[in-house]
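One-letter residues, chain by chain:
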Amino acid sequence: MGLTGGVGSGKSTVSARLAELGAVVIDADAIAREVVEPGTPGLAAVVERFGSAVLGADGRLDRPAVAAIVFSDEAARADLNAIVHPLVGQRTGELMAAAADDAIVVYDVPLLVESNMAGGFEVVVVVEADPELRIQRLAGRGMAEADARARMAIQATDEQRRAVATELLENNGTRDELITAVDALWQRLVARSQSTPEA
């Protein structure tokens with residue numbers, strides 16, 4: 001299944017709970033960090049495109065420096081995606097192939113809708129929360145309101161996400177309420193996997 005949601009929606013909480021329940025979670029953001037670790041071809045390609053100013057003193061990618069460039073420059077963002085996305089896709093394929101045949105595999109990917117990936121999943125779960133609530137949550141993590149709004153503006157809209165959703169999890173309440181909704185979702189996923197004939 002594909003799991004997605006806008007920044008601040010609570011997608012990470014859903015992903016963590018699914019992992020606790022037994023899902024094999026493949027985290028696109030974690031893979032995106034992995035493929036630009038020091039010494040990787042990915043990092044070399046990013047530095048070649050954006051210059052050494054995107055490197056920190058420790059030789060690692062300075063994510064805030066990259067974000068400052070790509071969130072305000074669509075062409076730069078496209079260039080970064082052209083470097084990172086194929087590497088993420090390759091690594092994702094390796095991880096999916098390594099999962100047990102009977103596993104429920106969750107691909108946690110923020111830009112599922114933006115990347116037109118919905119058709120590749122049997123189930124698409126969208127986590128949704130009111131925009132102002134998302135901004136409050138991001139502020140609680142130390143993100144400036146202007147930065148939060150800028151990130152939300154370049155992501156898919158709630159309507160675009162709903163259009164591809166098989167399952168919609170609303171996260172406008174408490175964490176406990178969200179966990180209860182995830183537990184119910186898990187039961188539906190298990191029932192679905194048991195009723196689906198093997199290919």
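The model shown is predicted, which means the values in this text are computed figures rather than measured ones. Per chain, residue numbering runs from 1 following the sequence as it is written. With pLDDT at 70 or above as the cut-off, local features in this predicted model cover only qualifying residues; side-chain atom pairs require 80 or more to be listed or tallied, and sums for whole chains, interfaces and linings still use all residues. Excluding hydrogens and water, the side-chain values take into account all heavy atoms of the structure.

Caption draft 1: Molecular detail of the overall build of the protein. Secondary structure elements are defined from DSSP: runs of H or I of at least 4 residues count as helices, runs of E of at least 2 residues count as strands, and each element is numbered from the N terminus. For the protein, the helix and strand inventory stands at nine helices and five strands. Tracing the protein from N to C terminus, the helices and strands come up as β-α-β-α-α-α-α-β-β-α-α-α-β-α. For a compact globule the rule gives 2.2 Å times the number of residues to the power 0.38, and the radius of gyration it is set against comes from C-alpha atoms. Here the C-alpha radius of gyration of the protein, 18 Å, is about what a compact globule of 199 residues would show, namely 16 Å. By principal-axis analysis of the C-alpha atoms, the protein measures approximately 50 × 40 × 30 Å. Each residue is assigned to one of three classes by its accessible area relative to the maximum for its type, calculated with a 1.4 Å probe on protein chains only: buried under 20%, partly exposed between the two thresholds, exposed over 50%. Burial status across the protein gives 38% buried among its 199 residues. Relative to all contacts within the protein whose residues are 6 or more apart in sequence, the contacts with residues 24 or more apart total 71%. For the protein, the computed accessible surface area is about 10,700 Å², with 52% contributed by carbon and sulfur atoms. Here a residue-residue contact requires only that any non-hydrogen atoms of the pair lie within 4.5 Å. Only the protein chains shown count as covering a residue, and every accessible area follows the Shrake-Rupley method with a 1.4 Å probe.

Caption draft 2: Main features of the confidence of the model for the protein. Every residue is assigned a pLDDT by the predictor, reflecting its confidence on a scale from 0 to 100. Put simply, the protein has an average pLDDT of 93, and 98% of its residues get 70 or more. Between the elements of the protein, mean pLDDT differs from a low of 88, seen in helix α7 (residues 145-154), to a high of 97, seen in strand β4 (residues 124-128).

Caption draft 3: Quick peek at unusual backbone geometry. Within the chain, Asn116 stands out as a residue other than glycine whose phi angle is a positive 55°. Within the secondary structure layout, Asn116 lies in the loop between β3 (105-108) and β4. For Asn116, a relative accessible area of 70% corresponds to the exposed category.

Caption draft 4: A look at the pattern of salt bridges. In the sections that follow, a salt bridge refers to a side-chain nitrogen of Lys or Arg positioned within 4 Å of a carboxyl oxygen of Asp or Glu. Per the counting criterion, the structure on display carries 14 salt bridges. Between Lys11 and Asp108 there is a salt bridge, with its nearest N and O atoms 2.5 Å apart. Of this pair, Lys11 sits in helix α1 (residues 11-21) while Asp108 sits in strand β3, placing them 97 residues apart in sequence. Here Glu132 ties to Arg149 by a salt bridge, and the two come within 3.1 Å at their closest N and O atoms. Here the residue Glu132 occupies a position in helix α6 (residues 131-140), and Arg149 occupies one in helix α7, the gap between them amounting to 17 residues. Accessibility expressed as a relative area gives 37% for Arg149, which makes it partly exposed. Here the salt bridges do not stand alone but share partners, grouping Arg17, Glu20 and Asp183 into one network.

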